[in-house]
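Letter by letter, the chains look like this.
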Amino acid sequence: MLRKYHVVILFLIGCLLHSSSQMAEAKKNANQQVSFLEQLMAHTIKHDEVQTIKMENDLGQQREFSITDGFQERVLRKVVHWLHHSSQVKGTIEVSVRNPANRMTLTMVNKEVITIEPAYTCAAADKRQICTAKDGELIVSENNLKIRLKSQPLYDWLAVGWRNELDGPTKEELLEEALFTRYLNELGPAYSDFFMCPKIRIEPIDGDPRRHLIFASALNYSGHHGGNFDKLTFSVSDSNLTGLQVTNVKIDKHISQDEIEKQCQSFD
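Computed from a predicted structure; not experimentally measured.

1. With respect to the packing of helix 3 (residues 73–84) against helix 4 (residues 152–159)
In step 1: Here helix 3 crosses helix 4 at 135°, and the two axes come no closer than 8 Å. Classified by the interaxial angle, the pair formed by helix 3 and helix 4 is oblique. On the side of helix 3, the interface is formed by Val 75, Lys 78, Val 79, Trp 82 and Leu 83, while helix 4 contributes Pro 153, Leu 154 and Trp 157.

Take a look at the structure:
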């Protein structure tokens, strides 16, 4: 009899585990089915959910930015940042013109395709329809659904900025990375994973050009593309009289998404 009860209990436990697994899978699938526009309105889009951003204009110029390129990833972060800080424009959504001056196409990890174009205001003149781009306003399209947004920085980048994006880091960024690496080496190999989004701030000590105080920070690599990040901060007294002295070494575990964006962004 006791053995029979054990079998029944094990069966019930198996059913509960299977049910929990099904519920978790259903919840995961439900989250995956949330549309891009719904995520946009809820400010829940993650930059690593965007696989590529393709840019093209009416002159035939094209360019593509990919999440798999460490430098181009910054562009994806920037675009998602601007989308999150955009505001929805109420009222009638003008129909996009057939050949807009510029078009952005986002291909998501789940294979959804999103287009972003300038918003146009059209009016009849001399039996023709004249369409003029509305400064600062954009139309975001997902399948047959459209919303109208206002974002001056994203509008300006769509018009001109994407063509001026560098293919690699600037000299200033390279110098910052080189200096950060120099100071990071003072901490030893235990901290070698902290090289993502390095930032340093340098201040002279008592106005002496030979003595500087450096404040440095960076993220680790272990949580790249969707996981958790840790943040390293430390200070360095750098003097040609006394050498390097590292102080205030601190690691913050599992920092928030806002802290990650603040550390990595280099845009308004």
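Let us keep going from here.
2. A look at the nonpolar core
In step 1: Ranked by internal contacts, the top residues of the largest apolar core, which has 29 residues, are Phe 36, Leu 40, Met 104, Leu 106, Val 140 and Trp 157.
In step 2: Sorting the residues of this core by element identifies helix 2 (36–42), strand 1 (50–57), helix 3, strand 4 (102–108), strand 5 (113–125), strand 6 (128–142), strand 7 (145–150) and helix 4 as the ones contributing at least two each.
In step 3: Counting residues per element, this core draws most heavily on helix 3, which supplies six residues.
In step 4: What Trp 157 contacts, discounting residues up to four positions off in sequence, is Met 55, Phe 65, Val 75, Lys 78, Val 79, Trp 82, Met 104, Trp 162 and Glu 165.
In step 5: The next biggest cluster of nonpolar side chains, apart from the first, holds 12 residues, and it includes Phe 180, Leu 187, Leu 232 and Phe 234.

3. Digging into the sheet that holds strand 6
In step 1: In space, the seven strands of this open sheet follow the order 2-1-4-5-6-7-3, with antiparallel pairing throughout. Bordering the open sheet on either side are strand 2 (62–66) and strand 3 (87–88), each of which pairs with just one other strand.
In step 2: Pairing geometry for strand 1 and strand 2, over five bridges, is antiparallel. Bridge pairing in strand 2 places Glu 56 opposite Gln 62.
In step 3: Relative to strand 1, helix 3 is tilted by about 85°, and along the sheet it contacts strand 1, strand 2, strand 4, strand 5 and strand 7.
In step 4: Each of strand 1, strand 2, strand 4, strand 5, strand 6 and strand 7 touches helix 4; the most contacted strand, strand 6, lies at about 115° to it.

4. Some details on the confidence of the model for the chain
Detailed reading of the predicted coordinates is not advisable wherever pLDDT is low.
In step 1: With 82% of its residues at a pLDDT of 70 or more, the chain shows a mean pLDDT of 81.
In step 2: The low-confidence segment residues 4–11, where pLDDT is below 50, has zero contacts with residues more than four positions distant or belonging to other chains.
In step 3: Note on residues 26–31: pLDDT under 50 across the span, and zero contacts to partners over four residues away in sequence or across chains.

5. Some thoughts on the pattern of salt bridges
In step 1: Here the structure, examined in full by the defined rule, presents 11 salt bridges.
In step 2: Two residues, Lys 78 and Glu 165, come together in a salt bridge whose shortest N-O distance is 2.4 Å. Placement of Lys 78 in helix 3 and of Glu 165 in the loop between helix 4 and helix 5 (171–184) is noted, with a sequence separation of 87 residues between them.
In step 3: In this structure Glu 165 comes out as buried when scored by relative accessible area, which is 16%.
In step 4: Of the charged contacts, one joins Arg 148 and Glu 137 as a salt bridge, the two residues approaching to 2.7 Å between their closest N and O atoms. In this pair, Arg 148 sits in strand 7 while Glu 137 sits in strand 6, placing the two residues 11 residues apart along the sequence.

6. Comments concerning the sheet that holds strand 8 (residues 194–205)
In step 1: In spatial order, the strands read 8-9-10-11; together these four strands make up an open sheet with antiparallel pairing. Bordering the open sheet on either side are strand 8 and strand 11 (243–252), each of which pairs with just one other strand. In this sheet, adjacent strand axes meet at a mean angle of 15° when their direction is disregarded.
In step 2: Judged from the eight bridges that link them, strand 10 (residues 231–239) and strand 11 form a sheet pairing that is antiparallel.

Thresholds, definitions, all that
- Residue positions are given per chain, counting from 1 as you read along its sequence in written order.
- Where local features are concerned, this predicted model is filtered to residues with pLDDT of at least 70; where side-chain atom pairs are given and counted, the filter is 80 or more; whole-chain, interface and lining totals use all residues.
- Hydrogens are left out, water is left out, and the side-chain values use all remaining heavy atoms of the structure.
- Here, axes are lines fitted to C-alpha atoms. For helices the fit covers the stretch in contact, and angles between N-to-C directions go from 0 to 180 degrees.
- Helix and strand definitions here come from DSSP, where helices need a minimum of 4 consecutive H or I residues and strands a minimum of 2 consecutive E residues; each element is numbered from the N-terminal end.
- By the definition adopted for this analysis, an angle is roughly parallel if under 35 degrees, roughly antiparallel if over 145, roughly perpendicular if from 65 to 115, and oblique otherwise.
- Here, residues are in contact when the closest pair of their heavy atoms is within 4.5 Å.
- As used here, the term nonpolar core means buried Ala, Val, Leu, Ile, Met, Phe, Trp, Tyr and Cys residues forming a set that is joined through side-chain atoms within 4.5 Å.
- The buried label applies to any residue whose accessible area, calculated with a 1.4 Å probe on protein chains only, is under 20% of its type's maximum; exposed applies above 50%, and partly exposed to all values in between.
- Pairing between two strands requires that DSSP report at least two bridges joining them.
- Each residue carries a pLDDT value, the predictor's own confidence for that position, ranging from 0 to 100.
- By salt bridge we mean one thing: a side-chain nitrogen of Lys or Arg within 4 Å of a carboxyl oxygen of Asp or Glu.

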